[in-house]
Structures are given as C-alpha cells and as structure tokens.
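# Structural overview for review
Below, each chain spelled out in residue letters.
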Amino acid sequence: KRALVPGTFDPITNGHLDVIERTAGIFDEVVVGVAAREEAAHLQRVALVQESTACLENVTAVGFDDLLVNFARQAGATVVVKGLRATTDFEYEFQMSAINFKLDGDVDTMFIMSSPDKMHLSSSIVRELMQFHGDISSMVPPCAERALKEKFSC
C-alpha cells in the first residue's frame, strides 16, 4: 500500500517528520507531496523534505501543483494521511476529506494525531519565531534551521 502525506511544509517541522515517520511504519511506501505555493520557494521546500526524510527508505518526496486527489492518483496512492494537532485541524481536514472523497471515492483519508510533545508546532509559528530571532532548533530538522537562518539572515 502506498500512502500520500501532503503539505506545504513551509518549513518542514519535527511535527511533520513525526507524522511522516509514523506513516512510514504503517505503509509499504510513502510519498510526501510538497504542494506549490506562490509565496514559498517550492524547489527549496522539496529539497528540505527530501533531506529530512533521506533516512527513511520507503519515503520519497516530490512537489505537486494539482488537486490533491489528482496527485494521489498520479502517485499511485490510495490513502491520504493528514496529521492533526487540535480540533481546529480536524474541522478543516474533515471538510477537505469529504470534498476529496466526492472527487474520488477510491482515495481514502486517514488521520494521525500529532505526538503530544509536538502538538504545539506549526510552520507559521516557526516562521514567526525566526523573524524575531527565536530559537527553533528543537522544532525543525537541522537542514530547515539552516535554510531559515539564511533566509532571515540570523
């Protein structure tokens, strides 16, 4: 079975890695789909996810710019795995899974709860901390910390 873990990963956090690693322990193959965003450097995000997941033999990371269900089909994934931190995540992801199911009933959605020690992490919080030169070393993989320090010239 092949699963898809989609996201913008702007930047990838240790919370994202937790969900990816746990998904890799459940499925034979995992595709991490890095969604394109106008305001974020797409190729750099793909490279950072690739570097962060390089030790996971059954994980590949690729970029995409399409509807999620179309990309899932293209990637050969039958399950989309989403991480949840709080009820607000669930409400949004529940709506998205319903839409995706309506678009393609052959692609299921599975939710994995974030580990309690990582539930506070979000890419937006990490970016904000970096803007004000906060310590993010425990929140992101080393390659993401280096990239953010370069971006914010710390």
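Just above sits the structure.
Here we summarise the structure given alongside this text. (Residues numbered from 1 in each chain as written. Predicted model: local features only at pLDDT ≥ 70, side-chain atom pairs only at ≥ 80, totals over all residues. Heavy atoms only, no water.)

### Topic: the packing of helix α2 (residues 42-52) against helix α6 (residues 142-152)
- Two numbers describe how α2 lies on α6: the axes approach to 8 Å, and their chain directions differ by 150°. One element, α2, and the other, α6, form an angle in the roughly antiparallel class. Of the residues in α6, those in contact with Q44, L48, E51 and S52 of α2 are C143, A144, R146 and A147.
- Among the residues making up the contact of α2 with α6, the classes are represented as four nonpolar, two polar and two charged. (Axes fitted to C-alpha atoms, helices over the stretch in contact; angles between N-to-C directions. Helix = DSSP H or I, 4+ residues; strand = E, 2+ residues; numbered from the N terminus. Parallel < 35°, antiparallel > 145°, perpendicular 65-115°, else oblique. Contact = heavy atoms within 4.5 Å. Nonpolar A, V, L, I, M, F, W, Y, C, P; charged D, E, K, R; others polar.)

### Side note on helix α4 (residues 87-103)
- Here α4 is 17 residues long and its end C-alpha atoms lie 24 Å apart, about the 24 Å a rise of 1.5 Å per residue gives.
- Among the structural elements, α3 (68-75), β4 (79-84) and β5 (108-113) are those in contact with the buried residues of α4. (Expected span 1.5 Å × (residues − 1).)

### Focus: the layout of surface pockets
- One number sums up the size of the largest pocket: a volume of about 920 Å³.
- Lining the largest pocket are 40 residues, and of these P6, G7, T8, K82 and E93 lie nearest its centre.
- Considered class by class, the residues forming the lining of the largest pocket number 18 nonpolar, 13 polar and nine charged. (1 Å grid on protein atoms, 1.4 Å probe; cavity = no way out; pocket = protein on both sides within 12 Å on 5 of 7 lines; lining within 4 Å. Points joined across faces, edges and corners; volume = space filled by probe spheres on them.)

### Quick notes on the environment of V49
- The residue V49 is located in helix α2 in this model.
- Residue class for V49 comes out buried when judged on its relative accessible area of 0%.
- Separated by 19 residues in the primary sequence, V49 and L68 place their C-alpha atoms 18 Å from one another.
- Ignoring sequence-local partners within four residues, the contact set of V49 consists of F9, I12, V32, V34 and A61. (Buried < 20%, exposed > 50% of the residue type's maximum accessible area, 1.4 Å probe, protein only.)

### Re unusual backbone geometry
- Between D10 and the following residue, P11, the backbone shows a cis peptide bond with an omega angle of 5°.
- With respect to the helices and strands, the residue P11 is situated in the loop between β1 (2-7) and α1 (14-24).
- If you check the backbone angles, F9 has positive phi at about 50° while not being a glycine.
- Assignment of secondary structure puts F9 in the loop between β1 and α1.
- Given the relative accessible area of 3%, F9 is considered buried.
- Backbone geometry at H133 places phi at a positive 60°, although glycine is not the residue there.
- Here H133 lies in the loop between α5 (123-131) and α6.

### Quick word on the side chain of S52
- Its place among the elements puts S52 in helix α2.
- Within the local environment of S52, its side chain forms a polar contact with the backbone oxygen of L48, the two atoms lying 2.7 Å apart.
- Once you skip the residues sitting within four places of it in the chain, S52 turns out to touch I12, L17, P141 and C143. (Polar contact = N/O pair within 3.5 Å; in protein donor to acceptor, adjacent residues only side chain to side chain.)

### Details of the packing of aromatic side chains
- Counted under the stated rule, the structure contains three aromatic pairs.
- Plain terms: the ring middles of F64 and F71 are 4.4 Å apart, the flat faces sit at 10° to each other, and that makes the pair stacked. Note on accessibility: F64 and F71 belong to one class, buried.
- Linked through ring pairs, F90, F94 and F111 together constitute an aromatic cluster. (Phe/Tyr/Trp six-rings, centres within 6.5 Å; stacked < 30°, edge-to-face > 60°.)

### A short note on the pairing of strand β2 (residues 29-35)
- Extensive coverage of β2 is indicated by the burial of six of its seven residues.
- The pairing of β1 with β2 spans six bridges and is classified as parallel. The partner of V5 across the bridge, within β2, is V32.
- The parallel pair β1 and β2 is bridged by α1, and the resulting crossover is right-handed.
- Relative to strand β3 (residues 59-64), β2 is paired through six bridges, and the arrangement is parallel. In the strand pairing of β3, V31 is matched with T60. (Pairing = 2+ DSSP bridges. Right-handed = clockwise from strand over helix to strand, strands pointing away.)

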